[in-house]
Amino acid sequence: MKLKNLLLLLTFAANFSFAQNSIKLTNSYGSENSDVQSLIDFEHIYIERLNFEEKALEGKHYIINLQEFKAGKLTSKSVLFDGTDDDHFKIKSNKESLKFLFKLADGKLKTQISSNRYRSKKLYFKLKGDPENYALKDFFGNKTELSININEETPILAIITPTKHADGFSSYCEVVQSDIKPENLGTHFKIPHYFLVTIQFK
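Residues numbered from 1 in each chain as written. Predicted model: local features only at pLDDT ≥ 70, side-chain atom pairs only at ≥ 80, totals over all residues. Heavy atoms only, no water.

Section: helix H2 (residues 34–42)
Its side-chain oxygen at 2.9 Å from the backbone nitrogen of Asp35, Asn33 defines the N-terminal cap of H2. Looking one or two residues past H2, His44 carries a phi angle of roughly 60°, positive in sign. (Polar contact = N/O pair within 3.5 Å; in protein donor to acceptor, adjacent residues only side chain to side chain. Helix = DSSP H or I, 4+ residues; strand = E, 2+ residues; numbered from the N terminus.)

So this is what it looks like as structure tokens:
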């Protein structure tokens, strides 16, 4: 009986700890204007807003990185935005919304991040092959919200090419809606080149 109570106590403590460190993540995608969205799609532009909510966010800074994977291996890590050096970028409440903009054209991935307080510089990264084969995907699947750990660097978006099957069928959603860790997507799905966008709070 004592062992059972101890196990219950440990489970409760673990769940409580996770809840304390957990951030609620929601999103919205593209434009509400259908004509604008058609133009965005035509130009191979992706816009996604991610909303972070948790009391522990107040007073935090964050770093957003872009990890590049080739042949299943992490080959480079670039900083898209680092707000840790200036209190101007400190989160002022229990909420933070970030807009991520990506354009895939002319053999390059073009990136920019914005909030209600800043707009990051535009950065460019080389693609391998046809830019039309790449797409921005998130990890929501059919969920309306996710939970991420405030203490860990967490993948929040992916720019990927699809996994291809012997019958000629290709799928993007199969990749990001799987239970495979984002850093292992290339190896598991035989994706030769992809990027992960990560966030880390400090």
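From this point on, the discussion continues.
Some words on the sheet that holds strand S5 (residues 95–105)
The antiparallel open sheet is built from six strands, whose spatial order is S7-S6-S5-S2-S1-S9. What marks the edges here is a single partner per strand, and that holds for strand S7 (123–126) and strand S9 (146–149). Geometrically, the sheet is characterised by an average inter-axis angle of 30° between neighbouring strands, direction not taken into account. In this sheet, S9 lies alongside strand S1 (residues 22–29) in antiparallel orientation, the contact comprising four bridges. Paired with Ile23 across the bridge in S9 is Ile148. (Pairing = 2+ DSSP bridges. Axes fitted to C-alpha atoms, helices over the stretch in contact; angles between N-to-C directions.)

Focus: the sheet that holds strand S13 (residues 193–201)
Pairing is antiparallel across the open sheet formed by five strands, whose spatial order is S4-S3-S13-S10-S8. Edge positions in the sheet fall to strand S4 (73–82) and strand S8 (135–138), since each of these pairs with one other strand and no more. Taken pair by pair, the neighbouring strands of this sheet meet at an average axis angle of 25°, ignoring direction.

Some details on unusual backbone geometry
Keep in mind that most residues, glycine aside, have a negative phi and that most peptide bonds are trans. Its identity as a non-glycine residue notwithstanding, Ala71 has a phi of 50°, on the positive side. With a phi angle near 55°, Asp106 is a residue other than glycine that sits in the positive phi range.

Section: the pairing of strand S2 (residues 45–53)
Two faces make up the sheet, and in a regular strand the side chains alternate between them. Sheet topology note: the S1/S2 ladder contains six bridges and is antiparallel. Note on S2: the bridge partner recorded for Thr26 is Asn51. Looking at chain direction, S2 and S5 are connected through nine bridges and run antiparallel. The residue of S5 that forms the bridge with Glu48 is Phe100.

With respect to the nonpolar core
Side chains of nonpolar character tend, in soluble globular proteins, to be buried together. One finds Phe52, Ile64, Phe100, Ile159, Val197 and Phe201 to be the most contacted residues of the largest nonpolar core, which totals 48 residues. By residue number, the principal contributor to this core is S13, which donates six residues. Here Phe201 is in contact with Ile23, Phe52, Leu57, His61, Tyr62, Ile91, Ile148 and Ile150, once residues within four sequence places are set aside. (Core = buried A, V, L, I, M, F, W, Y, C linked by side-chain atoms within 4.5 Å. Buried < 20%, exposed > 50% of the residue type's maximum accessible area, 1.4 Å probe, protein only. Contact = heavy atoms within 4.5 Å.)

Quick word on the side chain of Glu68
By the secondary structure assignment, Glu68 is in strand S3 (residues 62–70). Side chain to side chain, Glu68 and His193 meet in a polar contact 2.7 Å long. Setting aside residues up to four positions removed in sequence, Glu68 forms contacts with Lys73, Leu74, Thr75, Ser76, Lys126, His193, Tyr194 and Phe195.

Looking at the packing of aromatic side chains
Enumeration according to the criterion identifies nine aromatic pairs in this entry. Ring geometry for Tyr62 versus Phe81: centroids 5.7 Å apart, planes at 45°, classification tilted. Placement of the pair is Tyr62 in strand S3 and Phe81 in strand S4, with a sequence separation of 19 residues. Both residues of the pair, Tyr62 and Phe81, belong to the buried class. The interplanar angle of 10° and the centroid separation of 6.5 Å between the aromatic rings of Phe100 and Phe102 together place this pair among those described as stacked. Each member of the pair Phe100 and Phe102 is classed as buried. Stacked on the ring of Tyr124, the Lys or Arg Lys108 has its end atom at 5.9 Å from the ring centre. (Phe/Tyr/Trp six-rings, centres within 6.5 Å; stacked < 30°, edge-to-face > 60°. Lys NZ or Arg CZ within 6 Å of the ring centre and 35° of its normal.)

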